[in-house]
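Reading the structure
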Amino acid sequence: MKYLYILGAAGSIGRQTLDVIKEDPKQFYLIGLSLGSHDDINDQILQDVQPEIVSLKYENQIERYQKRYPHITFVAGEEGLIKLATYPKHGLFMNAISGSAGLLPTVKAIESKKDIALANKETLVIAGDIINELIKKHGVHLYPVDSEHSSIWQLLRGEDLSDIDKLVITASGGSFRDLSREELKNVTKKDALKHPNWSMGDKITIDSATMMNKGLEVIEAHHLFHLPYHQIETVLHRESLIHGLIFLKDSTIKASLASSDMRIPIAYALYYPERRVHHAPLSLTDLHFQPMDFKRYPLLELAYKVGERGGILPTVMNAANEAAVKLFLEDHITFIEIEKIVFDAVEHATQIQQPTLEDILRVNKEIQNDILRQYEKR
Ligand code: NAD
Ligand code: MG
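**Section: helix α9 (residues 202-210)**
Of all nine residues that make up α9, seven are buried, and the element is covered over most of its length. For α9, the complete set of buried residues consists of K203, T205, I206, D207, S208, A209 and T210. Buried-residue contacts for α9 involve α6 (121-138), α8 (189-192), α10 (212-225), α12 (298-309), α13 (313-329) and α14 (335-347). A positive backbone phi angle near 70° is found at M211, which sits one or two residues after α9.

What follows is the structure, encoded as structure tokens:
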């Protein structure tokens, strides 16, 4: 039996993780999970599963839940996430919350010797070096859940890193892939939230439309697979059927294909090294590739530069993007202004070459607060 925690269980990845374990209930024991602010979704989940500990979004939710579910221990807020991470029972820690809030729980879970299944890519973007050190120090495993990274992880099994020429992660192009930059000036939030291939949380759907998501994934891949940035490429592939490719030095190319169903990479991380039965048929009709255009997607080019320069800059870029996406989703700025805000923040940033965890958390908060303050007033 596998013991499991799920952070962000009410979100898109969280609920698909629950789907995977529901199909095979004898295989899993759910120790703890974190939920969000939507009571209806939370109730639906708690009617199905009985974890030992649940972290709610807000303190004032606790009383009602405690009455309704007396056998569960309820905690809340940021502190609640840390209590899950440090709960004294071993288990795989699935981190599926969105944004930089995922960092500290990942750190604490590693320090309490839990293996990590990581959907929360922001953790690696802003603190990849620190996470890699911690993993080594505490002897735990970190399994990627992001579909592209799951595919590269599978492709690398049995290969020697010195035999790899490069790895390639694919991008669907997001909601506005058929629009020119000129046409981006008039797009709405509703349009931005319609992803052609995947149904995901709002933040990552906007990040896919700006191509920031692929930029974050390049940095994520660098930290997961320990390759320099010039060996990590991206390509536009509209169908999202090939998720990753590796090019080997004997000119062999290995590609990993699967239908656009996040339960496949989620289950791979949960069952690793075994494979479970899951039917998601894939038709191999037309596969298209298109080279990436950095002029069309400047945030992707920025992510490469920021990744190369390292230090505190990935934190600055990620924080500015997180604040900008929030402002866009709350109708304070236009879509195209997301880019401007991220570029401005990186341009004006003061570099810290080897930031500590405290530096990362402080700069993350400062940058987000500054940007929110400046634009919310407009
Ligand atoms: P989502 O918005 O659907 O769900 C995120 C959940 O996290 C929500 O339930 C929310 O309540 C919770 N959350 C957010 N901030 C929190 C905080 N400060 N404290 C407590 N809870 C908080 O997002 P998602 O699409 O499931 O994405 C989750 C993560 O997985 C992101 O990092 C995303 O980039 C990554 N990811 C998602 C997909 C996908 O298909 N959805 C694919 C690859 C990677
Ligand atoms: Mg991805």
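**Let's talk about the coordination of the magnesium ion (ligand 2)**
D146 (OD), E148 (OE) and E217 (OE) make up the full set of protein donors to the magnesium ion (ligand 2), lying at 2.1 to 2.2 Å. When the donor residues of the magnesium ion (ligand 2) are listed from N- to C-terminus, their spacing reads D-x1-E-x68-E. Of the two residues, D146 sits in the loop between β7 (142-144) and α7 (147-156) while E217 sits in helix α10, which places them 71 residues apart along the sequence. Each member of the pair, D146 as well as E217, carries the same accessibility label: buried.

**Topic: the layout of surface pockets**
By volume, the second largest pocket amounts to about 480 Å³. If you trace the second largest pocket, you find 20 residues lining it, with L142, W153, L224, F225 and H226 closest to the centre. Of all the secondary-structure elements, those providing two or more residues to the lining of the second largest pocket are α6, β7, α7 and α10. Taken together, the residues of the lining of the second largest pocket break down into 11 nonpolar, five polar and four charged.

**Notes on helix α4 (residues 77-86)**
Within α4 the residues assigned to the buried category are G80, L81, L84 and A85. Projected onto a plane normal to the axis of α4, the buried residues spread over an arc of 145° and lie on a single side. On its buried face, α4 sits against β1 (2-7), β2 (28-34), β3 (53-56), β4 (73-76), β5 (92-95) and α5 (103-111).

**Some words on the environment of S100**
Positionally, S100 belongs in the loop between β5 and α5. By relative accessible area, S100 is classed as buried at 7%. Sequence separation between S100 and T356 is 256 residues; the distance between their C-alpha atoms is 15 Å. Not counting the four nearest positions on each side in its chain, S100 is found in contact with E122, I126, N318, E322, N364 and Q368. Within the structure, S100 has its side chain in polar contact with the side chain of E322 (distance 2.9 Å). Side chain to side chain, S100 and N364 meet in a polar contact 3.0 Å long.

**Notes on the environment of H230**
Tracing the sequence through the fold places H230 in the loop between α10 and β9 (232-236). In this structure, the C-alpha to C-alpha distance between H230 and E308, residues 78 residues apart in sequence, is 9.2 Å.

**Topic: the sheet that holds β9**
Spatial ordering of the open sheet is given by β11-β10-β8-β9-β12, a layout of five strands whose pairing is mixed. In this open sheet, the two strands that pair with only one neighbour each are β11 (253-257) and β12 (290-291). Direction of pairing for strand β10 (residues 242-248) relative to β11: antiparallel, over a ladder of five bridges. Counterpart to L245 in the pairing with β11 is A255. Its contacts with the sheet place α7 against β8 (164-171), β10 and β11, and it is angled at close to 35° to β10.

**So, the site of ligand 1**
For ligand 1, the set of nearby residues contains 20 residues, the closest of which are S12, I13, E122, D146 and G201. Between ligand 1 and the protein, one listed contact pairs an oxygen atom with a backbone N or O atom of I13 at 2.9 Å. A119 places a main-chain nitrogen or oxygen 3.4 Å from an oxygen atom of ligand 1. At the level of elements, α1 (12-22) and α6 are the ones that each hand at least two residues to the shell around ligand 1. A per-class count over the shell around ligand 1 returns 10 nonpolar, seven polar and three charged.

**Things to note about the sheet that holds β3**
Read across the sheet, seven strands follow the order β4-β3-β2-β1-β5-β6-β7 without closing on themselves; strand pairing throughout is parallel. Whereas interior strands pair on both sides, the edge strands pair on one side only; in this sheet they are β4 and β7. Across the sheet, the mean angle from the axis of one strand to that of its neighbour is 25°, orientation sign disregarded. Sheet topology places β2 next to β3; three bridges connect them, and they run parallel. Considered in β3, the bridge of L33 is made with V54.

Cut-offs and rules
Residues numbered from 1 in each chain as written. Chains lettered and ligands numbered in written order. Predicted model: local features only at pLDDT ≥ 70, side-chain atom pairs only at ≥ 80, totals over all residues. Heavy atoms only, no water. Buried < 20%, exposed > 50% of the residue type's maximum accessible area, 1.4 Å probe, protein only. Helix = DSSP H or I, 4+ residues; strand = E, 2+ residues; numbered from the N terminus. Contact = heavy atoms within 4.5 Å. Donors = N, O, S within 2.8 Å, 3.2 Å for Na, K, Ca; no water. 1 Å grid on protein atoms, 1.4 Å probe; cavity = no way out; pocket = protein on both sides within 12 Å on 5 of 7 lines; lining within 4 Å. Points joined across faces, edges and corners; volume = space filled by probe spheres on them. Nonpolar A, V, L, I, M, F, W, Y, C, P; charged D, E, K, R; others polar. Arc of directions from axis to C-beta. Polar contact = N/O pair within 3.5 Å; in protein donor to acceptor, adjacent residues only side chain to side chain. Pairing = 2+ DSSP bridges. Axes fitted to C-alpha atoms, helices over the stretch in contact; angles between N-to-C directions. Near = heavy atom within 4 Å.

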